[in-house]
Amino acid sequence: MTEYLKDGRPRLPPNQVVTRKFPVMTAGTPVTAGKDSWSLTLDGEVARPLTLDWQGLTALAQQEFTVDIHCVTRWSKLDTRWRGVSVQTLVNLVGPAPEAAYVQARADGNYTSNLRLADLLGDKAFIATEYDGKPLTEDHGGPARLVVPGLYFWKSAKWLRGLHFSQFDYKGYWEKLGYHNYGDPWKEQRYRG
Ligand SMILES: Nc1nc2c(c(=O)[nH]1)N[C@H]1C(S)=C(S)[C@@H](COP(=O)(O)O)O[C@H]1N2
Ligand SMILES: [Mo]
């Protein structure tokens, strides 16, 4: 039976298939930092640039998130459980300039993704440090990754090391290679052109 969301949309975006596994999707070889050498830099057009180490991140308010995720390769995973820090919490700390409408997520291994700041606000995105009640494993982006459930999962940078706020929309790793700039699964924005 088809499940529906509260707003009447079917639960699954078009042409997605539910998986119960958790596939690992990594371009190239991940370069991961252990918790001791990890840090997260929030910079660009912000009032108060900030670099947090592991202790700094985990000292912030932690929240639980249960969300559906949708990969452009057509798998979706429902009710994934995460714990971490809402991007809104970080935004409140750094104070982006009014013209800084975009955020570039920066990860170890030169992976980047581009996002609209508006899509990260109000607990719509978070920095996850736990998955399903356990510390986030390295293959899924541990010690910390971005999760933006409203967009295809390539936007959710694993091994996250920075959020760069800007008036400019710098294309990310996959976006430069032809993935859609925005990536709305409900509109099937998979690839450009
Ligand atoms: N740093 C980094 N983040 C990344 C990727 C990557 O290759 N490197 N792959 C992206 C893609 S295409 C997807 S579908 C998801 C996969 O996350 P998972 O391996 O936890 O399923 O991570 C995204 N984040
Ligand atoms: Mo993906």
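The text that follows walks through the structure, step by step, so that each part is easy to find.

How each quantity is defined
- Residues numbered from 1 in each chain as written.
- Chains lettered and ligands numbered in written order.
- Predicted model: local features only at pLDDT ≥ 70, side-chain atom pairs only at ≥ 80, totals over all residues.
- Heavy atoms only, no water.
- Near = heavy atom within 4 Å.
- Polar contact = N/O pair within 3.5 Å; in protein donor to acceptor, adjacent residues only side chain to side chain.
- Areas by Shrake-Rupley, 256 points an atom, 1.4 Å probe, with all protein chains shown as cover.
- 1 Å grid on protein atoms, 1.4 Å probe; cavity = no way out; pocket = protein on both sides within 12 Å on 5 of 7 lines; lining within 4 Å.
- Sits in = over half its atoms within 2 Å of the grid points.
- Nonpolar A, V, L, I, M, F, W, Y, C, P; charged D, E, K, R; others polar.
- Pairing = 2+ DSSP bridges.
- Helix = DSSP H or I, 4+ residues; strand = E, 2+ residues; numbered from the N terminus.
- Axes fitted to C-alpha atoms, helices over the stretch in contact; angles between N-to-C directions.
- Contact = heavy atoms within 4.5 Å.
- Core = buried A, V, L, I, M, F, W, Y, C linked by side-chain atoms within 4.5 Å.
- Buried < 20%, exposed > 50% of the residue type's maximum accessible area, 1.4 Å probe, protein only.
- Points joined across faces, edges and corners; volume = space filled by probe spheres on them.

1. Concerning the site of ligand 1
Surrounding ligand 1, one finds 19 residues, the nearest of these being Pro23, Ala27, His140, Arg145 and Lys158. A distance of 2.6 Å is found between an oxygen atom of ligand 1 and a backbone nitrogen or oxygen belonging to Pro23. A distance of 2.5 Å separates an oxygen atom of ligand 1 from a polar atom in the side chain of Lys158. In isolation ligand 1 exposes 530 Å². Once the protein is present, 98% of that is buried. Here ligand 1 is seated within the largest pocket. Grouping the amino acids of the shell around ligand 1 by side-chain chemistry returns 14 nonpolar, three polar and two charged.

2. Thoughts on the sheet that holds strand S2 (residues 39-44)
In space, the five strands of this open sheet follow the order S3-S2-S11-S6-S7, with mixed pairing throughout. The outermost strands of the open sheet, each flanked by one partner alone, are strand S3 (50-53) and strand S7 (112-116). Neighbour-to-neighbour, the strand axes of this sheet turn through a mean angle of 15 degrees, independent of strand direction. Two elements, S2 and S3, share four bridges in a ladder whose sense is antiparallel.

3. Concerning the environment of Ser86
By the element assignment, Ser86 lies in strand S5 (residues 75-86). Sequence separation of Ser86 and Ser37 is 49 residues, and the distance between their C-alpha atoms is 22 Å. Every residue in contact with Ser86, bar those within four places of it in the chain, is listed here: Gln63, Phe65, Asp123, Ala125 and Phe126.

4. So, the nonpolar core
Generally speaking, soluble globular proteins have nonpolar side chains that are buried together. One finds Trp82, Leu90, Ile127, Leu163 and Phe165 to be the most contacted residues of the largest nonpolar core, which totals 50 residues. The residues contacting Phe165, other than those within four sequence positions of it, are Leu42, Asp43, Gly44, Glu45, Val46, Val91, Val94, Pro96, Ala100, Tyr102, Val103 and Leu117.

5. Let's talk about the layout of surface pockets
Computed from the structure, the largest pocket encloses a volume of approximately 410 Å³. If you trace the largest pocket, you find 26 residues lining it, with Met25, Thr26, Tyr111, Lys158 and Trp174 closest to the centre. Here the lining of the largest pocket is built from residues that sort into 16 nonpolar, seven polar and three charged. Its volume calculated, the second largest pocket comes out at about 160 Å³.

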